[in-house]
Amino acid sequence: MLTESDLKSKLESNIPELLNAIVTDISAGCGQSFDVVVVSNSFEGKNRLMRSRVVNKVLQEEIAQIHAFTCKCYTETEWKKIVV
């Protein structure tokens, strides 16, 4: 069973310029559905699809094991506008 910390650790190891990774198990702890927010300046100049592909490639093996996965990707500037 995958955990939030498994996914977060993999993101921290593989996403360049990672500023924040928020991984939430939305399946009541059974490890089958995750919501992920990734903040990295490496997303600068990339559209939403390109950003999601970066994250999906990093978590390819993990995504194959779960039922549902959502991902939102932001640059630092975009993230600051959201959390203020």
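Note: the structure precedes this text.
Residues numbered from 1 in each chain as written. Predicted model: local features only at pLDDT ≥ 70, side-chain atom pairs only at ≥ 80, totals over all residues. Heavy atoms only, no water.

Q: Got a sec to walk through helix 2 (residues 48-58)? Specific residues and values, please.
A: Structurally, the α-helix is built with 3.6 residues per turn, so residues lying three or four positions apart point the same way. All of the buried residues in helix 2 are Arg 51, Val 55 and Val 58. All buried residues of helix 2 lie within an arc of 60° about the axis, which places them on one face of the element. The exposed set on the far side of helix 2, more than 90 degrees from its buried face, consists of Arg 53 and Lys 57. Packing partners of the buried residues in helix 2 comprise helix 1 (4-14), strand 2 (33-40), helix 3 (60-63), strand 3 (68-74) and helix 4 (76-83). The residue sitting at the N-terminus of helix 2 and contributing the capping side-chain oxygen is Asn 47; that oxygen lies 3.1 Å from the backbone nitrogen of Leu 49. (Buried < 20%, exposed > 50% of the residue type's maximum accessible area, 1.4 Å probe, protein only. Helix = DSSP H or I, 4+ residues; strand = E, 2+ residues; numbered from the N terminus. Arc of directions from axis to C-beta. Contact = heavy atoms within 4.5 Å. Polar contact = N/O pair within 3.5 Å; in protein donor to acceptor, adjacent residues only side chain to side chain.)

Q: Which residues make up the side chain of Ser 33, and what are the values?
A: For Ser 33, the location among the structural elements is in strand 2. Ignoring any residue separated from it by four or fewer positions in sequence, one finds Ser 33 in contact with Thr 24, Asp 25, Ile 26, Ser 27, His 67 and Ala 68.

Q: How would you sum up the state of the cysteines? Please name residues and give values.
A: Summed over the entire model, instances satisfying the criterion amount to zero disulfides. Here Cys 71 stays unpaired: no disulfide links it, and the sulfur of Cys 73, its closest cysteine neighbor, is 3.5 Å away. Note on Cys 71: relative accessible area 18%, which makes it buried. Residue classification places Cys 73 among the buried residues on the basis of a relative accessible area of 10%. (Disulfide = S-S within 2.5 Å.)

Q: I'd like to hear about the pattern of salt bridges, residue by residue, with values.
A: All told, the structure shown has four salt bridges when counted by the stated rule. Of the charged contacts, one joins Lys 72 and Asp 35 as a salt bridge, the two residues approaching to 3.2 Å between their closest N and O atoms. Here Lys 72, found in strand 3, pairs with Asp 35, found in strand 2; they are 37 residues apart in sequence, far enough to count as distant. On the accessibility criterion, Lys 72 (36% relative accessible area) is partly exposed. (Salt bridge = Lys/Arg side-chain N within 4 Å of Asp/Glu carboxyl O.)

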